[in-house]
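Letter by letter, the chains look like this.
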4 protein chains.
Amino acid sequence: MYICTVRIKDETKRLAIVENTLDIVFEKGFAGIKMAGLAKDVGISPSTLYVYYKSKEELIISVFKELIKNKTVQSEKDIDKDLPYKLKLKTLWLYWINVSINQSKEMSYIHQIKQSPYYDLVPDDVKDIGYSVGFELFDLGKKEGLIKNVDNEILATIMSALLMQTVTLITNKKMTLNKKNSDLMFSFLWDAMKG
Amino acid sequence: MYICTVRIKDETKRLAIVENTLDIVFEKGFAGIKMAGLAKDVGISPSTLYVYYKSKEELIISVFKELIKNKTVQSEKDIDKDLPYKLKLKTLWLYWINVSINQSKEMSYIHQIKQSPYYDLVPDDVKDIGYSVGFELFDLGKKEGLIKNVDNEILATIMSALLMQTVTLITNKKMTLNKKNSDLMFSFLWDAMKG
Amino acid sequence: MYICTVRIKDETKRLAIVENTLDIVFEKGFAGIKMAGLAKDVGISPSTLYVYYKSKEELIISVFKELIKNKTVQSEKDIDKDLPYKLKLKTLWLYWINVSINQSKEMSYIHQIKQSPYYDLVPDDVKDIGYSVGFELFDLGKKEGLIKNVDNEILATIMSALLMQTVTLITNKKMTLNKKNSDLMFSFLWDAMKG
Amino acid sequence: MYICTVRIKDETKRLAIVENTLDIVFEKGFAGIKMAGLAKDVGISPSTLYVYYKSKEELIISVFKELIKNKTVQSEKDIDKDLPYKLKLKTLWLYWINVSINQSKEMSYIHQIKQSPYYDLVPDDVKDIGYSVGFELFDLGKKEGLIKNVDNEILATIMSALLMQTVTLITNKKMTLNKKNSDLMFSFLWDAMKG
DNA sequence: CATGAATGAGCCTTCATTCAT
DNA sequence: TATGAATGAAGGCTCATTCAT
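Within each chain, residues carry numbers counting from 1 in the order of the written sequence. By the order in which they are written, chains take letters starting at A while ligands take numbers starting at 1. Where local features are concerned, this predicted model is filtered to residues with pLDDT of at least 70; where side-chain atom pairs are given and counted, the filter is 80 or more; whole-chain, interface and lining totals use all residues. Working from all heavy atoms in the structure, the side-chain values ignore hydrogens and water.

### Regarding helix H2 (residues 35-42) of chain A
Residue and element names in this part refer to chain A. This is how the line gets drawn: Three labels apply to residues, based on accessible area from a 1.4 Å probe with only protein chains included: buried if under 20% of the type maximum, exposed if over 50%, partly exposed otherwise in between. Helical segments are the DSSP runs of H or I of at least four residues, strand segments are the runs of E of at least two, and each set is numbered from the N terminus. Each direction from the helix axis to a C-beta atom contributes to the arc, which is the arc of those directions.
Of the residues making up H2, those classed as buried are Met35, Leu38, Ala39 and Val42. Buried residues of H2, seen end-on, are gathered within an arc of 100 degrees and therefore sit on one face of the element. Just downstream of H2, glycine 43 is the residue with a positive phi angle, here 95 degrees.

Dropping the structure here:
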């Protein structure tokens, strides 16, 4: 026996899937993604999910790709070329702090996938995107003798580490996000990096 | 009246279970723990696992408790009181680097459980152990005006962040563990912290 | 815009599940229900069972609810208002005898669940259905001074006890179901109850 | 590695096993018997259970045999030959009421095993014991024309049915056990049986 | 006789994915 | 494209029973 339903094709559906996936991963981690549950959250049938993504694996990786793509695009527009170097770095720092706080779900997703077996399945060209802005800034700082002459990878690591921990302190309510604390945390970064 | 002998639960076996659990989590994460697979690795029957731990959950948490217990015991013996302050801090730094590298599986387990839903099930008294040595050293440094006068929580966070990233660099073969690199990475920490 | 057809959960299948559950409980009791075995009997996959009932517990209770619902519906249509009182009671008696014999699996199920731990999980509003017809008849008999003036609960208990034992005698082939025996067994009931 | 314990052989152990089995079956039914749990309740090792009974099945049936044996022995001593017939029957009735109330666990066990698959495994000579006293009394009553001239099996069934339901009413607190109620319930029996 | 550890067989349940429309 | 039903493969766990002493 069969009944009929009418459905209008909806291109925002994919966006809804991404959004709900982020919510789930943020709250319960990757193990919390259940295809049927996700479909229900989105308001579609499990099989419809497979119209958009051919497997759970593909879903997880596609969502990651989408995040990376958006993140990179955004970060390119935000640097002001006329500031003194220290302020340039601070601008980048503040930008990342804000991104991390305001887009905590997205950041959490990226952070979690990097430690999961799924990350092995991410194509290399997607993996290596994201630090270009930082790298240029590091090169500049080193050329001008303002920061330690160390491999960019290491500098990026230092910056990322301090960034993440700052965000953690804020997220865990052990610190509030205000100018004083931003300055304090940035002072750690600057003192660590300056040559 | 009777005299009888009784077999005693095998401590070796429990250790083997812990060891294999660490291996699995290190390689595949918590989702990779399959009771049957673990049992096979250890060389026992799946049901025997349940003689030692009454559920997967309990296994995961018990292993964590054991790691914490051992870690704390070890870290208490390693501080030398007569060194100048910077060297004291460096000793702690090197100690942690070594622990992190040599016991990378254990550290990975601790790191992973802290971000998993299982951590909610860990008793609070087990959660709060681990930074006592660092905190004393921070207090000393602040009293002598050698490091920034900032909350211990923050200092510990900074140290921990740099530590973890250093270990990551080494583990990912982007850096080798030698004196030069140790000194370099410590210089980031020291410059960041010093007052 | 799309038109699509959707398969509907198969009522036949649900009935087949109920039927087979009754068979199993009748033959082997509640402990005899094995989800995989039941699925095989019905001709579906074990997991399909979980499309219809979300757990073994729910299956058992749902089947009970269904039996109670049907039983109540049926028993409401069978009373003839113009008979003399004794014959009214006998009609009810015979109706119940027939139900009990012809629907022995259903009765057995009801009887068994009431003595099992599952009964604690049955909602109260389902528990209390079933004696309404009898109670009205008892009230009538007491008003007319034809039967003992005793609590309905007790009268129902007496009737139910004799009924069940009669059925047991028949089921165990120690008695055949014929007019003479029906009359005999009803005479026990009537003599016991009459005022 | 082994340790030693000293144990004194204890013939009351078997009794303790029986007692605990009764408790379990009374509270949770036959499905509630778990060999390990029972052993723990008794204070012995699971394997020791197998010294006394070679399987769960044997345990269940042996306990039943023991109950039947004791019950029969007791019921033989309680009949007073000089009472008028109705009082003799009432004595038997009251005796059984008391047994049923005071030894509710034992009665429950007998009742439950009779409806379980285990009953098929009980030897026939054990099954048929228990009504001898009643049967003699029924024969007497029939000979004197005081009760209906009906097969003993049926009379016993009637009596047993009313008995069990009376006990149920009392156990479920819908009736209290006092002289008035005893008399009332016996009146049902007597009216039903008398010729 | 007594024991605690050990186990295999089996159970309930979940879930990513496919089927049939 | 869209769907709800259906499912196979697997996983966690239980428990009567045996092992080894």
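### Observations concerning the pattern of salt bridges
Put simply, the test is: Salt bridge, as used here, is a side-chain nitrogen of Lys or Arg placed within 4 Å of a carboxyl oxygen of Asp or Glu.
Under the counting rule described, the total for this entry stands at 32 salt bridges over all chains. Residues Lys179(B) and Asp183(B) are paired through a salt bridge, measuring 2.5 Å at the closest nitrogen-oxygen approach. Placement of the pair is Lys179(B) and Asp183(B) together in helix H10 (residues 179-193), with a separation of four residues, close to one helical turn. Beyond isolated ion pairs, a larger network of salt bridges with shared partners links Lys90(A), Lys179(A) and Asp183(A).

### Quick word on the interface of chain C and chain D
Put simply, the test is: Any two residues having at least one pair of non-hydrogen atoms within 4.5 Å are treated as being in contact. A 1.4 Å probe defines the accessible area here, and the buried area is the portion of it lost by two parts on being joined, summed over both. Between N or O atoms, a polar contact is any pair within 3.5 Å; within protein, one atom must be a potential hydrogen donor and the other a potential acceptor, and residues adjacent in sequence are included only when both atoms are from side chains.
In this complex, chain C contributes 25 residues to the contact, which on the side of chain D involves 25 residues. Summing both sides of the interface, chain C and chain D together bury roughly 2200 Å²; the carbon and sulfur share of this comes to 75%. Of all residues in chain C, Ile154(C), Gln165(C) and Phe188(C) give up the largest surface area on contact with chain D, accounting jointly for 24% of the area buried on that side. For the interface between chain C and chain D, the tally reads four salt bridges. With its nearest N and O atoms 2.7 Å apart, the salt bridge here joins Lys148(D) to Asp191(C). Counting every contact that joins chain C to chain D gives four residue pairs in polar contact (both at pLDDT 80 or more). Of all the secondary structure elements, the ones that give two or more residues to the side of chain C that touches chain D are helix H9 (152-171) and helix H10 (179-193) of chain C. In terms of residues, the side of chain C that touches chain D owes the most to one element, H9(C), which gives ten residues.

### Examining unusual backbone geometry
The phi torsion at Lys173(A) lies on the positive side, around 60 degrees, for a residue other than glycine. Residue position: Lys173(A) is located in the loop between helix H9 (152-171) and helix H10 (179-193).

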